[in-house]
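The residues making up each chain are set out below.
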Amino acid sequence: MNNFDDIRPYNAEEFPEAMKRIAASTSFPLLASYVYPGEPIEEVRQRIANYQNVHDFQTQTMARVNERVIEESISEFTCDGIERLSPDKNYLYVSNHRDIMLDSSLLQYYFVTQGFDTTEITFGANLMSSQLVIDIGKCNKMFKVERPGGSIKDFYRSSLHLSEYIRHAILEKHQSVWIAQRNGRTKDGVDATDQGIIKMFCMSRTDDKIQALSELNIVPVAVSYEWESCDILKALELYQSQFSKYIKKPGEDLNSILTGLLQQKGRVHFELCEPIAEDELMQYDDLTNNEYHKAVAQLIDSRIIAGYRLWPNNYIAHDIRYGSKAFRGFYTSEEREAFEYRLAKLEKYDDCDLDQLKDIFLGIYSNPVERK
């Protein structure tokens, strides 16, 4: 058994059989009708079953999946900063995290359009709910990340294992890697890198804390949705979390994935921020390990906050939340009406304190203004 067989994506030998399983799945007709509307199901099934490598699957079918998402639910898709990168170099993309699937998926699509190789992607073990999801994920270069739980010893062991795999992927497999800046999506609009993630990166090289990060070529990524993915679902979760520990219901992650795919998102922008350079890390050389991890997390945050694009909705939410007209020049009356119409959708949840629920919703959109 290879050291990373328990978490890695499928290898070249495993890939064709996984494609056949996907094509034979009972859910395949539904998936095929979304990605290839109007095409005979059996033709699509044959195409998928015949893929022999990840490159063809991603550049043909998965690119089409993202094109469909853009066509159906995104009014404008943009990405800046590719000129800061080299297609011959491997990077560790550390991204803010707003949508379960789309944050990484849309970025892969952009890389395909620019002639860059796609990245390997972290894939929460909690999402591996069925063989179909596992097959689609691991055929898209996703690798498993265990959620914190169990004993401290188990958590340390899984963190070290993940750290070793990420370094192995970048330095030995010559594959870039995408990872979220924290465990789980940002739900309150405050993007913040967990210093524990930085500590995890360093665990696989303890002899030199500067080289431990500089050789990974960290690139902060800021993704900004005009209409926040799953905004109402996030507001409800945050509301309920005030009163008791929030426990996800069966199928909730799948519902969030589908909502994120289908919900109208307006404009979506990705900013590939300036990579973290070794000389920047050197300024922290005298810090303790804990201080170093915190400083690097703050450095990544500063890049992501600077790269985050504010939309009219952010300014509208801020003005409504604080009863102000401070940002009146950043939106039109029509844009405010559209936002107020969405805010009013919360009124059907009349078993909640509506003022509190609406304030949470407004915070999702207004907090990025505060961060800026």
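Structure report, in brief. (Residues numbered from 1 in each chain as written. Predicted model: local features only at pLDDT ≥ 70, side-chain atom pairs only at ≥ 80, totals over all residues. Heavy atoms only, no water.)

This brings us to the environment of Glu-228. Tracing the backbone through its elements, the reader meets Glu-228 in the loop between β6 (218-225) and α10 (231-241). The sequence separation of Glu-228 and Val-69 amounts to 159 residues, and the corresponding C-alpha distance is 15 Å. In this structure Glu-228 touches Arg-98, Thr-186, Lys-234, Gln-263, Ile-364 and Tyr-365, once residues within four positions along its chain are discounted. (Helix = DSSP H or I, 4+ residues; strand = E, 2+ residues; numbered from the N terminus. Contact = heavy atoms within 4.5 Å.)

A word on unusual backbone geometry. Peptide bonds are, in most cases, trans, and in most cases residues other than glycine have a negative phi. Backbone geometry at His-174 places phi at a positive 60°, although glycine is not the residue there. Positionally, His-174 belongs in the loop between α7 (152-171) and β5 (177-180). Look at Asn-217: it is not a glycine, yet its phi comes out positive at around 55°. For Asn-217, the position within the fold is in the loop between α9 (209-214) and β6.

Another aspect to go through is helix α3 (residues 41-49). Turning to α3, its buried residues number three or more, namely Val-44, Ile-48 and Ala-49. One side of α3 carries all its buried residues, which in axial view fall inside an arc of 130°. Residues of α3 that are buried in the fold lie against α1 (15-24), α2 (28-35) and α4 (54-73). (Buried < 20%, exposed > 50% of the residue type's maximum accessible area, 1.4 Å probe, protein only. Arc of directions from axis to C-beta.)

Next up on the list: the side chain of Lys-138. Tracing the backbone shows Lys-138 in helix α6 (residues 131-138). For the buried Lys-138, no salt bridge is present, and the opposite-charge side chain at shortest range is Glu-14, 6.2 Å distant. Apart from residues no more than four positions distant in its own chain, Lys-138 is found in contact with Arg-8, Pro-9 and Tyr-10. (Lys, Arg positive; Asp, Glu negative; His and termini not counted. Salt bridge = Lys/Arg side-chain N within 4 Å of Asp/Glu carboxyl O.)

With that settled, consider the sheet that holds strand β2 (residues 92-95). If you walk across this open sheet you meet the seven strands as β1-β7-β6-β2-β5-β3-β4, and the pairing is mixed. Since the sheet does not close on itself, it has two edges, and those belong to β1 (74-80) and β4 (142-145), each with one partner. Averaged over all neighbouring strand pairs, the angle between strand axes comes to 25°, with direction disregarded. Most of the contacts of helix α13 (residues 289-307) go to β6, to which it runs at about 35°, and overall it touches β2, β6 and β7 (266-272). (Pairing = 2+ DSSP bridges. Axes fitted to C-alpha atoms, helices over the stretch in contact; angles between N-to-C directions.)

For α4, the principal kink sits at Met-62 and spans about 30°. Taken as a whole, α4 has its buried residues at Phe-57, Gln-58, Thr-61, Met-62, Ala-63, Val-65, Asn-66, Arg-68, Val-69, Ile-70 and Ser-73. The opening residue of α4 is Asn-53, an N-cap whose side-chain oxygen sits 3.3 Å from the backbone nitrogen of His-55. (Bend = angle between axes of the 7 residues up to and from the residue. Polar contact = N/O pair within 3.5 Å; in protein donor to acceptor, adjacent residues only side chain to side chain.)

Below, the discussion takes up the pairing of β4. Bridge analysis of strand β3 (residues 120-124) against β4 gives four bridges, and the strand direction is parallel. Counterpart to Ile-121 in the pairing with β4 is Met-142. Regarding the hand of the β-α-β motif, the stretch spanning β3, α6 and β4 is right-handed. (Right-handed = clockwise from strand over helix to strand, strands pointing away.)

We now examine the nonpolar core. Soluble globular proteins: nonpolar side chains tend toward being buried together. Within the largest apolar cluster, 35 residues are counted, with the highest numbers of intra-cluster contacts made by Leu-92, Ile-166, Phe-201, Leu-213 and Ile-218. A total of seven residues in this core trace back to one element, the largest contributor, which is α13. Not counting chain neighbours up to four residues away, the residues in contact with Leu-92 comprise Ile-166, Ile-170, Val-177, Ile-179, Phe-201, Leu-216, Asn-217, Ile-218 and Val-219. Counting 32 residues, the second-largest nonpolar core is a separate cluster that includes Val-69, Ile-100, Phe-111 and Phe-270. (Core = buried A, V, L, I, M, F, W, Y, C linked by side-chain atoms within 4.5 Å.)

With that settled, the discussion passes to the pattern of salt bridges. Evaluated as defined, the whole model comprises 29 salt bridges. Across the salt bridge formed by Arg-84 and Glu-274, the nearest N and O atoms sit 3.5 Å from each other. Taken as a pair, Arg-84 in the loop between β1 and β2 and Glu-274 in the loop between β7 and α12 (278-282) lie far apart in primary sequence, 190 residues in all. Where Glu-226 meets Arg-267, a salt bridge forms, and the shortest distance between an N and an O atom there is 2.9 Å. You can see Glu-226 sitting in the loop between β6 and α10 and its partner Arg-267 sitting in strand β7, a full 41 residues away along the chain. Overall, the relative accessible area of 11% leaves Glu-226 in the buried class. What you see here is one network of salt bridges that share partners, running through Arg-64, Glu-67, Arg-68, Glu-71 and Glu-72.

So, on to the packing of α1 against α6. At their nearest, the axes of α1 and α6 sit 9 Å apart, and the two run at 135° to each other. In terms of axis orientation, α1 runs oblique to α6. Between α1 and α6 lies a crossing of left-handed hand. For the pair α1 and α6, the contacting residues are Ala-18, Arg-21 and Ile-22 in the first and Gln-131, Leu-132, Asp-135 and Ile-136 in the second. Across the contact of α1 with α6, the residue classes break down as four nonpolar, one polar and two charged. (Parallel < 35°, antiparallel > 145°, perpendicular 65-115°, else oblique. Left-handed = near helix turned anticlockwise from the far one by under 90°. Nonpolar A, V, L, I, M, F, W, Y, C, P; charged D, E, K, R; others polar.)

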